[in-house]
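# Structural description and commentary
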Amino acid sequence: MQLSIFQVDAFTDTLFGGNYAAVVPLADWLSAELMQAIAAENNVSETAFVVKQADGGYAIRWFSPLAEIDFCGHATLAAAFVLFRLNPDTQVLRFRAAAVGELSLSRETDGLIHMDAPRLAPVPVEEAPALLLDGLSIRPDSVLVSRQAWFAVYADEGQVRAVEQDPELIRQLAPRDVVVTAPGHDVDFVSRYFWPANGGLEDMVTGSIHAGLAPYWAERLGRDRLVAVQASARCGRLYCQVEAERVRISGYAVLYLEGCIHLPD
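Being a predicted model, the structure only gives us computed values, none of them experimental. (Residues numbered from 1 in each chain as written. Predicted model: local features only at pLDDT ≥ 70, side-chain atom pairs only at ≥ 80, totals over all residues. Heavy atoms only, no water.)

## A closer look at the pairing of strand E8 (residues 113-118)
Burial analysis of E8 places five of its six residues in the buried class, the great majority of the element. The pairing of strand E7 (residues 101-107) with E8 spans four bridges and is classified as antiparallel. Following the sheet pairing, Arg107 is matched in E8 by Ile113. In this antiparallel pair of consecutive strands, E7 and E8, the connection spans five residues, and Gly111 shows a positive phi of 100 degrees. The sheet contact formed by E8 and strand E17 (residues 246-251) spans six bridges and is antiparallel. (Buried < 20%, exposed > 50% of the residue type's maximum accessible area, 1.4 Å probe, protein only. Helix = DSSP H or I, 4+ residues; strand = E, 2+ residues; numbered from the N terminus. Pairing = 2+ DSSP bridges.)

## Concerning the packing of aromatic side chains
A full pass over the atoms with the stated rule returns six aromatic pairs. Here the aromatic rings of Phe16 and Tyr256 are separated by 6.0 Å at their centres, their planes lie at 65 degrees, and the arrangement is edge-to-face. Remark: Tyr256 occurs in strand E18 (residues 253-262) and Phe16 occurs in the loop between strand E1 (2-10) and strand E2 (19-26); sequence separation between them is 240 residues. Of the residues examined, Phe16 reaches a relative accessible area of 55% and is grouped as exposed. Using a relative accessible area of 43% as the deciding quantity, one classes Tyr256 as partly exposed. Measuring from centroid to centroid gives 5.7 Å for Phe49 and Phe63, while their planes differ by 90 degrees, and the two rings are edge-to-face. Pair noted here: Phe49 is in strand E3 (residues 46-52) and Phe63 is in strand E4 (residues 58-63), with a separation of 14 residues, a long-range link. (Phe/Tyr/Trp six-rings, centres within 6.5 Å; stacked < 30°, edge-to-face > 60°.)

## A word on the nonpolar core
Side chains of nonpolar character tend, in soluble globular proteins, to be buried together. Ranked by internal contacts, the top residues of the largest apolar core, which has 57 residues, are Ile60, Trp62, Phe95, Leu103 and Ile249. No other element matches the nine residues that helix H2 (residues 73-86) contributes to this core. Discounting residues that sit within four places of it in the chain, Ile60 has contacts with Trp29, Ala48, Phe49, Val50, Thr76, Ala79, Phe95, Arg96 and Ala97. Judged by nonpolar contacts, the second largest core, of 20 residues, contains Val143, Trp150, Val160 and Val187. (Core = buried A, V, L, I, M, F, W, Y, C linked by side-chain atoms within 4.5 Å. Contact = heavy atoms within 4.5 Å.)

## Some remarks on H2
In an α-helix there are 3.6 residues to a turn, and that puts residues three or four apart on one side. Between its first and last C-alpha atoms H2 spans 20 Å; for 14 residues at 1.5 Å apiece the expected length is 20 Å, and the two agree. Burial runs high along H2: twelve of the 14 residues are buried. For H2, the complete set of buried residues consists of Gly73, His74, Ala75, Thr76, Leu77, Ala78, Ala79, Ala80, Phe81, Val82, Leu83 and Phe84. (Expected span 1.5 Å × (residues − 1).)

Read these as geometric descriptors, not functional statements.
The following block contains the structure:
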């Protein structure tokens, strides 16, 4: 059996920037065990598998090298980039996933891809977990939580760039990950994402967490259109628009690799 595979740098317009994802279009689902094995072999932060449905939409599932995950924004953007490339007359795509429902993606003529995601704003907590506070080298000003992650909020971008994690402590916060965030110097807000329990030490760009970050910063800054930078080693830029129930997360993508997976019959 042979499967097409694409590797895409997402949330960047420059090769070797943003976050890399693998995309595997399928005619029918493989077993979860086989998809997990492919994702582990790919060893990128996520591999997205997509299957076209009878109504023209696509079912999508995401696997890190360690586990299947509920929602991955940058791999969804990468999957849309690949499908738009394979279907040049298509302007709008619909993805469906069990945990987040339907996601609509569209593209501009300059290649900017818009992803319509559910609004997943975090909520404040009265007492932050000791593992979180002890696991970060700089104590945050406040802490919030969502289904996906603990949000550690700082006063300044420099703190976000300087903070270090203790992976052994942060890993014990599973199933949640940790995002650190602050107002940006040249953009509206910055963040970094630590996820040793679910994928790796630090994610390069995490589209899904911006479904929570963007509503939080929209309320704090008093505007619904924001530009964000994930301040990882590879860096990524995201354009966010916050609505009542949805968040539009937009970015560019670049193709790095196109190839073929060879599997036993």
